[in-house]
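Results of the structural survey
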Amino acid sequence: MIRSSIRLKLVAIVMATTCASLCLMGLVLGAFELVSHRRAMTAELAAVGDIIGANSTAALSFNDQDVAKEILRALEPQRDVRLACLYDVRGRLFASFSRPSERMGCPSSPTSDGAAFEGGVFVQSEPVMLQSERVGTLRLVATQHTLWRHMRLFAVVLALTVIVSALGALLLSSRLQRLVSRPILELATTARRVTQQRDYALRAPQHSTDEVGVAVGAFNLMLDQVQGSDLALRQAEQKSREQAQFLGSILDNMGEAMVVVDPAAQILLWNAAATRILGPRPQGLPLADWARHFKLGRVARPGQVAHSEPPLARALRGEDVADYEITIEANEGRSECWVTGTARPLRDEQGKVVGAIAVFRDVTQQRKAELGLKASEAQLRQAQKMDAVGQLAGGIAHDFNNLLTVICGFSDFALKQIPAGNPARSDIEEVMNAGQRASTLTRQLLAFSRKQVLAPQRLDLNAAVHGSRQMLRRLIGEDIEFVAVYGANLSPVLADPGQIDQVILNLVVNARDAMPRGGRLTVETDNVELDEQSVRNHPGAHAGWHVRLKVSDTGVGMSEEVQSRIFEPFFSTKAVGRGTGLGLSTVYGIVQQTGGHIEVSSTPGKGTTFSIYLPAAAARSALVAPDLIDGLPAPGGTETILLVEDEAAVRSFARRILTGFGYEVLVASDGVEALEIQTRYGGQIHLLISDVVMPRMGGWELARTLLQRLPGLRVVFFSGYAAEMNIHPSFPVEELVLISKPFTAGALARAVREALDRCRAA
Amino acid sequence: MRRAPRVLVQLATAVLPLAVLADALAASSPAPSEYQVKAEFIERFTRFVDWPSSAFASPGAAFVVCVRGGGALAEQLELVVARRRIKDRPVRVLHLGSGDRLTPCHLLYVADLDHKAVREITAITRGKAILSVGDQPGFAEDGLLINLILDDKGFVRFEINRDEANVSGLKISAKLMRLARLVGSRR
């Protein structure tokens, strides 16, 4: 449409001009034709009148009306003449001629001489002269029918001529307009393509040297210049882009964060380090809201005043803020940062502030390291203290347990010998009660120092979860939904119920802390069968049926890095003072000690799931702890038992019990003596009962030596605390029965019987 | 005498048409006489007839009107032509006797002569540039070029002898010929 407009315009101009000219010409011709035709008509009529008049002179002169009429009839072929009236010299009507259709008659007297158009007809009145004498008047009335017929024909011919001429002009102009329009259209096309494609290498074709050709040449010349400028501009742009990229890359690779704002606090620069520290560039955040947005904390270097205003805001007010240090919560409150840096106003030549720049870096690691160093020093001290307490407690417990074994044991013997009703009996019962309370205290001490002996039981995890449900609900608060999913037909596991409770507790507390804004906490149990593939990554785990305990939260989740470190002692993501960093270490230790393993899966922002796999109880032979069968009837026997105990009171207590149950008992005060006795004794020794820690030769070495000499020997160890009870790797667990001090007579007897019977079963 | 009442009757019936012409000729006389009309006719004949220039001695030579015989019309004619110019020339009137030469005449009015005398005259005028006019019945057949008559309605009409006109030295207008009753010479 745009393309053809100039063509249309040219054609329209030519056509308008042509049509106007043709119409004007037609009008002029028409008018001229009309006028000349009228003139011809009047001339013709005048001539006709003259002839008729001349012919009539004789008739008039000689008063011959018949001849006059005859003469007037000569007007018959003159079709335009409607009426002819001949008057004599006295003005009387002499003769007349009229067409049959003519209604108008001759006036009775002639009108004045002359010719005129009256109401569409031509009226001519002329004198009839005979030589110089007037002999009458001839009046002719003629219509203009012939004139109009002629004019109509003329008009038709003229119109046809105009139309044909206009068509010819249209044809010609639509052909010839290209002479003008083509170079202009090509110029326009080139100009449009140049503007649309920005291709300044295009040129408009130049066909002529006329004004358009000159314009095309000038346009092409202009394009040359534009192309040159464009190239230079592009090169400059490329250069400046590279420079900007270079500078940007420098800025983004700077260790220090850099933020530049204009006076309206619009951010002009926010480099990669700034994004790392503060998070993504906040869009359209007023400077006044920065303190709130980043939860600006007030930390000041020693000797500086703490400000609640962001350093950039102070710099915008013209202040040089050197060496500030603040805490912020960046990355949408996910982490707290220590930031240190400087902020300065940017000034123009007049010294007016046109912006501000802040250069800062994240010193969280240093600060945390400093704080963490202090914390870990404290934790180390705590650990050392705990270890010392543990050592002390262990040592005390060892001795105490020996003493308490004797006290309680002999009190028991005494009671059995004193008849009822004897006043001494109640005294001894008091002694025994005190001994049992002391025993409880010893256990608590050992628990505190994590040196307690595991007391594994067949345990239903569903029951364990169900039992601690109320306590857990209170612990996690109302914002978090607690869901427990109990697996059907759950296999029992061998585990210490107290430890399992602690595992559940620690995991639940951890999950709660991961959901500061609430969420859902799910504790789930089920049976799973692990194949070789799935246990490969867990040393110590075996394929087979396991019971799984899953604790899931919908909290913040953990990064891979954090996941790899969570079980390290003292590693914590919680704020200082909110966690010990020991919770998951303890869980790990307990699960490992119980023969299971842990898997963690976590997605940042979605949540975390801890899965604890404990072997199903049937999958492994259990240590049968004496406590488990406490209270059952104590069977006796006649086998020979070698009793080794360095503490004389315990030794004599145990010997008395065992002989009391019918056994043959050999006693020794340590391993060396025991070996001597075994050498001297010729009979079969069925069972070794030994303390673990003894002078000269300990229980483990003794047992190994004796087992070499006496295959099939059964062994029972007793000990005061767990460190002594760590099963020596060279011992098959099936050979051993462990019994913790202090023990009762019944417990000892049942342990001995158990050990002997297992031997027999094997 | 027989003729007089007939003329009177004719005159009476011609009063109306004659009056038309007479008004133009003499405003003073209300009813133009037959002679006045005839005199006027004769004068008008000269307007439709051309004489060869050889008929005149000089460009300024007078137009000679000859009258042979007498009577009312002769007098009237003399009255009519005496005060006019004919063919743009002064008019001279000649009254001719029976022996007078006809040669100088341009217009010859023959009054009341007998047919024989008329034929004598026409034998002389034949082929000459002399317009001979009469007003007696049969004069045209006797060889006069033009003879004035009255038609049956009493209107003055005229006859032209076609034969004489053809051989005449005059050029008689076709318009005049058209109005006339054409006759041939009596043999």
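Here the structure is shown first, and the text comes after it.
Below or above, wherever it landed, is the structure these notes cover. Computed from a predicted model, the values in this text were never measured in an experiment. (Residues numbered from 1 in each chain as written. Chains lettered and ligands numbered in written order. Predicted model: local features only at pLDDT ≥ 70, side-chain atom pairs only at ≥ 80, totals over all residues. Heavy atoms only, no water.)

This next bit is on helix α2 (residues 34-45) of chain B. Over its 12 residues, α2 of chain B extends 16 Å from the first C-alpha to the last, a length consistent with the 16 Å expected when each residue adds 1.5 Å. Considered for burial, the residues of α2 of chain B that qualify are E34, Q36, V37, K38, A39, E40, F41, I42, E43, R44 and F45 of chain B. (Helix = DSSP H or I, 4+ residues; strand = E, 2+ residues; numbered from the N terminus. Expected span 1.5 Å × (residues − 1). Buried < 20%, exposed > 50% of the residue type's maximum accessible area, 1.4 Å probe, protein only.)

All right, on to the packing of helix α17 (residues 671-680) of chain A against helix α18 (residues 699-709) of chain A then. All names here are of chain A. The interhelical angle for the contact between α17 and α18, taken along N-to-C directions, is 15°, at an axis separation of 10 Å. The pairing of α17 with α18 is recorded here as roughly parallel in orientation. Handedness of the crossing formed by α17 with α18: right-handed. Contacts from G671, A674, L675, Q678 and T679 in α17 reach L702, T705, L706 and R709 in α18. (Axes fitted to C-alpha atoms, helices over the stretch in contact; angles between N-to-C directions. Parallel < 35°, antiparallel > 145°, perpendicular 65-115°, else oblique. Left-handed = near helix turned anticlockwise from the far one by under 90°. Contact = heavy atoms within 4.5 Å.)

With that settled, consider the pattern of salt bridges. For side chains of opposite charge, pairing can occur when their charged atoms come near one another. Tallying each qualifying case throughout the model produces 31 salt bridges over all chains. For D113 of chain A, the salt bridge identified is with R134 of chain A, shortest N-O distance 3.1 Å. Of the two residues, D113 of chain A sits in the loop between β2 (93-98) and β3 (114-118) while R134 of chain A sits in strand β5 (residues 133-143), which places them 21 residues apart along the sequence. For R134 of chain A, a relative accessible area of 32% corresponds to the partly exposed category. Ionic pairing is found between R314 of chain A and E319 of chain A, a salt bridge with its closest N-O pair at 2.9 Å. In this structure E319 of chain A comes out as partly exposed when scored by relative accessible area, which is 28%. Through salt bridges with shared partners, a single ionic network connects E133 of chain A together with E40, E43, R47 and R84 of chain B. (Salt bridge = Lys/Arg side-chain N within 4 Å of Asp/Glu carboxyl O.)

All names here are of chain A. Sheet architecture is open: five strands sit in the order β12-β14-β15-β17-β16, paired in mixed fashion. Where the open sheet ends on each side, the last strands, each with one partner, are β12 (480-485) and β16 (597-603). Between one strand axis and the next, the sheet turns by 15° as a mean value, whatever way the strands run. Note that β16 and strand β17 (residues 607-615) share seven bridges and pair antiparallel. Bridge pairing in β17 places I598 opposite I612. Along the sheet face, helix α11 (residues 461-476) touches β12, β14 (519-530), β15 (544-553) and β17 and points at about 175° away from the line of β12. (Pairing = 2+ DSSP bridges.)

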